[in-house]
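Secondary and tertiary structure notes
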Amino acid sequence: MSAAVDLLERATQVARLKSMISVAIAARADDFDAAGELPADVLSLCAQEGLFGMAIPTGHGGIGLDPRELGEVFESLGRASASALSLATVHVMVCSALLRWGSAAQKQRWLPHLASGGAIGAFALSEAEAGSDANAVQTTLRSESDEIVVDGCKAWISFGTIAGLFLVVGKLDGRIAAILVDRSTPGIDIEPIDGMAGFRAGMLAQVRFEGCRVPRENLLGSADFGLSQIVGSVLDHGRYSIAWGAVGLAQACLQASVDYAAKRRQFGRPLQEHQLVQQMLADMMVEHRAARLMCLDAAAARANRSPDMIVRTTAAKYVAARAADRAAAAAMQIHGANGFSTRYPVQRFQRDARVFGVIEGTTQIQQVLLAQHAPQWADGLKEFF
Ligand SMILES: Cc1cc2nc3c(=O)[nH]c(=O)nc-3n(C[C@H](O)[C@H](O)[C@H](O)COP(=O)(O)OP(=O)(O)OC[C@H]3O[C@@H](n4cnc5c(N)ncnc54)[C@H](O)[C@@H]3O)c2cc1C
């Protein structure tokens, strides 16, 4: 009975979030893109509707959505605004890291604050010389009695301009470690990054830490867990969000193209009656569908804590990012010259879709990871033949 009530409550929350996204975010996404930021009223609305607590259990002040429900919200965000999607992505990455690796004291201190939107979480891994190769980070975490001194410079930090809590990846005694750093800590310098081509309202920053003293208890996980566990699991959450967001963006491309191809006439008939345009629409349709099914497969794997959930999530992100990229390119093509005008959203879709192939592991890095699992997948298929 109480499980059924929980389910109903969560379904209501998801419906409210989707409605808020469609009314307050989708309708204004082009304005956010032009302004290069998400305005304060939108951030307040997200907080009010529980967006910042969606991955946090009710016991810690969130609404505790399950993987499928979370996926649907990410999908709505991707359809509305890739920048807003990235807000939810990085925030959920930090919340999930705390839930998985945080001590009881860390959870008690931070999760309610993150759930209410009192602090926005940002993930600070990338550096000038450390992109795909996360192990190359040069940020140092130096142990000094009961403090850790953080020194380093992080690049491309989404929502770094407004984040209240940074999950910083650095090297402690030569090994990868992750630490929570409060924005108010002395020694942090935040420099906004303007002029991004995609995710323009992602409020990116370069974040420099200079002799930044953080209590030792802010280290996440034990020293035995480093790159593969903590960073790997944070990126896994990021990939799950981006996979669903890419499906949402692919849907937006399909919808814009269907509408345009029905109205625009050339050679005496609507574009949708020209076979080569039909080919583009057909490809968009099936690639969107295939990507969505892969995301549902990843959601099921995550809900069951299946041993292959990470690889199924990676596969979903890989397929969905490519589907969004191809859909955006086709949408631009179908719109002709109008596609290049800011009067139509497809130029934003195209700029944003390119980013999906770069963040949370580039397309090439996903290919490398997936290929490593190809033998097991092939083995698993034998039972069907
Ligand atoms: C909009 C946006 C938001 C971002 N937000 C964040 C954030 O919040 N936090 C954060 O830490 N970072 C963030 N990043 C950075 C992002 O994570 C990195 O861009 C990404 O990890 C890739 O690193 P790189 O850009 O240095 O590319 P590189 O690693 O230099 O790669 C360049 C090219 O080489 C290819 N390549 C590299 N290594 C291999 C290999 N072994 N095999 C085959 N090909 C390879 C890549 O696939 C790519 O095509 C963001 C980036 C963008 C664009």
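Small disclaimer: the values here were computed from a predicted structure and weren't measured. (Residues numbered from 1 in each chain as written. Predicted model: local features only at pLDDT ≥ 70, side-chain atom pairs only at ≥ 80, totals over all residues. Heavy atoms only, no water.)

Across all of its chains, the model carries one cavity of 30 Å³ or more by this definition. Here the largest cavity is characterised by a volume of approximately 30 Å³. Lining the largest cavity, in full, are Ala29, Phe32, Asp33, Ser81, Ala82, Ser83, Ala201, Arg348 and Asp352. Elements supplying a minimum of two residues to the lining of the largest cavity: helix H2 (29-35), helix H5 (82-101) and helix H10 (346-356). Here the lining of the largest cavity takes three residues from H2, the largest share from any one element. Counted by class, the lining of the largest cavity contains four nonpolar, two polar and three charged residues. (1 Å grid on protein atoms, 1.4 Å probe; cavity = no way out; pocket = protein on both sides within 12 Å on 5 of 7 lines; lining within 4 Å. Points joined across faces, edges and corners; volume = space filled by probe spheres on them. Helix = DSSP H or I, 4+ residues; strand = E, 2+ residues; numbered from the N terminus. Nonpolar A, V, L, I, M, F, W, Y, C, P; charged D, E, K, R; others polar.)

Among the eleven residues that make up H10, eight are buried, leaving the element largely enclosed by the rest of the structure. Listed as buried for H10 are Val346, Gln347, Arg348, Phe349, Asp352, Ala353, Val355 and Phe356. (Buried < 20%, exposed > 50% of the residue type's maximum accessible area, 1.4 Å probe, protein only.)

As a further point, take the site of the ligand. Close contacts around the ligand come from 17 residues, with Ser126, Ser132, Trp156, Thr362 and Gln364 the closest. Phe123 places a main-chain nitrogen or oxygen 2.7 Å from a nitrogen atom of the ligand. Here an oxygen atom of the ligand and a side-chain polar atom of Gln364 are 2.6 Å apart. Protein burial of the ligand: of its 970 Å² of free accessible surface, 62% is covered by the chains. Grouping the constituent residues of the shell around the ligand by class yields eleven nonpolar, six polar and no charged. (Near = heavy atom within 4 Å. Polar contact = N/O pair within 3.5 Å; in protein donor to acceptor, adjacent residues only side chain to side chain. Areas by Shrake-Rupley, 256 points an atom, 1.4 Å probe, with all protein chains shown as cover.)

Here we come to the pattern of salt bridges. Opposite charge on two side chains permits them to pair, given that their charged atoms come into close proximity. Inspection of every chain in the model, using the stated rule, returns 20 salt bridges. Among the charged side chains, a salt-bridge network with shared partners connects Arg142, Glu144, Glu147 and Arg213. (Salt bridge = Lys/Arg side-chain N within 4 Å of Asp/Glu carboxyl O.)

All right, on to the layout of surface pockets then. Here the second largest pocket is characterised by a volume of approximately 510 Å³. Lining the second largest pocket we find 23 residues, and of these Ser96, His237, Arg302, Arg305 and Met309 sit closest to its centre. Tallied by class, the residues present in the lining of the second largest pocket amount to 13 nonpolar, five polar and five charged. Counting only domains with at least three residues in the lining of the second largest pocket, you end up with domain 1 (2-120) and domain 3 (227-376). (Domains from an automatic or database assignment.)

With that settled, consider the packing of helix H1 (residues 2-25) against helix H4 (residues 67-80). Contact pair H1 / H4: the axes reach a minimum separation of 9 Å and the direction vectors enclose 5 degrees. Classed by the angle they form, the pair H1 and H4 counts as roughly parallel. Contact residues: Leu7, Arg10, Val14, Leu17, Lys18, Ile21 and Ile25 in H1; Glu69, Glu72, Val73, Ser76, Leu77 and Ala80 in H4. Grouping the amino acids of the contact of H1 with H4 by side-chain chemistry returns eight nonpolar, one polar and four charged. (Axes fitted to C-alpha atoms, helices over the stretch in contact; angles between N-to-C directions. Parallel < 35°, antiparallel > 145°, perpendicular 65-115°, else oblique. Contact = heavy atoms within 4.5 Å.)

With that settled, the discussion passes to the pairing of strand E2 (residues 140-144). As paired elements, E2 and strand E3 (residues 147-157) share five bridges and run antiparallel to each other. Across the sheet, Leu141 pairs through a bridge with Val150, a residue of E3. The hairpin turn running from E2 into E3, its antiparallel successor, is two residues long, and Ser145 in that turn takes a positive phi close to 45 degrees. (Pairing = 2+ DSSP bridges.)

A general tendency of soluble globular proteins is for nonpolar side chains to be buried together. If you look at the biggest cluster of nonpolar residues, it comprises 100 residues, and the most contacted ones within it are Ile25, Met54, Leu114 and Phe356. Per element, the largest residue contribution to this core is 18 residues, and it comes from helix H7 (residues 227-263). Aside from chain neighbours lying at most four places away, what touches Leu114 is Phe52, Ile56, His91, Val94, Cys95, Leu98, Ala119, Ile120, Gly121 and Leu165. (Core = buried A, V, L, I, M, F, W, Y, C linked by side-chain atoms within 4.5 Å.)

For the coordinates displayed, the defined rule picks out four aromatic pairs. Geometrically, the ring pair formed by Tyr240 and Trp244 is edge-to-face, given 6.5 Å between the ring centres and 80 degrees between the ring planes. Taken together, the residues span about one helical turn, with Tyr240 and Trp244 both in helix H7 at a distance of four residues. Here the two residues Tyr240 and Trp244 agree in accessibility, since each one is buried. Between the aromatic rings of Tyr260 and Tyr344, the centroid separation amounts to 5.7 Å while the plane-to-plane angle is 85 degrees, which identifies the pairing as edge-to-face. In this pair, Tyr260 sits in helix H7 while Tyr344 sits in the loop between helix H9 (309-335) and H10, placing the two residues 84 residues apart along the sequence. Residue placement shows Arg100 over the ring face of Trp101; its charged tip is 4.1 Å from the ring centre. The ring of Tyr240 is capped by Arg302, whose NZ or CZ atom sits 4.4 Å from the centre of that ring. (Phe/Tyr/Trp six-rings, centres within 6.5 Å; stacked < 30°, edge-to-face > 60°. Lys NZ or Arg CZ within 6 Å of the ring centre and 35° of its normal.)

Counted at 1.5 Å a residue, the expected span for H9 with its 27 residues is 39 Å, and the 38 Å between its end C-alpha atoms agrees. Taking burial as the measure, the 27 residues of H9 include 21 buried ones, the bulk of the element. Gly336, located one to two residues past H9, shows a positive phi value of around 55 degrees. (Expected span 1.5 Å × (residues − 1).)

Let's shift gears to a nonpolar patch on the surface. Taken together, the side chains of Leu381, Phe384 and Phe385 make up a nonpolar region of the molecular surface, amounting to roughly 440 Å² of accessible area. By the secondary structure assignment, Phe384 is in the segment after helix H11 (363-381). In this structure Phe384 comes out as exposed when scored by relative accessible area, which is 60%. (Patch = residues over 30% accessible without salt bridge, like charges linked within 9 Å, V, L, I, M, F, W, Y side chains within 5 Å.)

Assigned domains within the protein chain: domain 1 (2-120), domain 2 (122-220) and domain 3 (227-376). With centres defined by C-alpha atoms, the gap from domain 1 to domain 2 works out at 22 Å. Taking both sides of the interface into account, the surface hidden between domain 1 and domain 2 amounts to around 1900 Å²; carbon and sulfur atoms contribute 70%. The tally of links between domain 1 and domain 2 comes to zero salt bridges. Summed over the shared surface of domain 1 and domain 2, the result is six residue pairs in polar contact (both at pLDDT 80 or more). Per-element tally for the side of domain 1 that touches domain 2: the top contributor is H5, with ten residues. Broken down by class, the residue content of the side of domain 1 that touches domain 2 amounts to 16 nonpolar, five polar and three charged. (Buried area = accessible area lost by both parts, 1.4 Å probe.)

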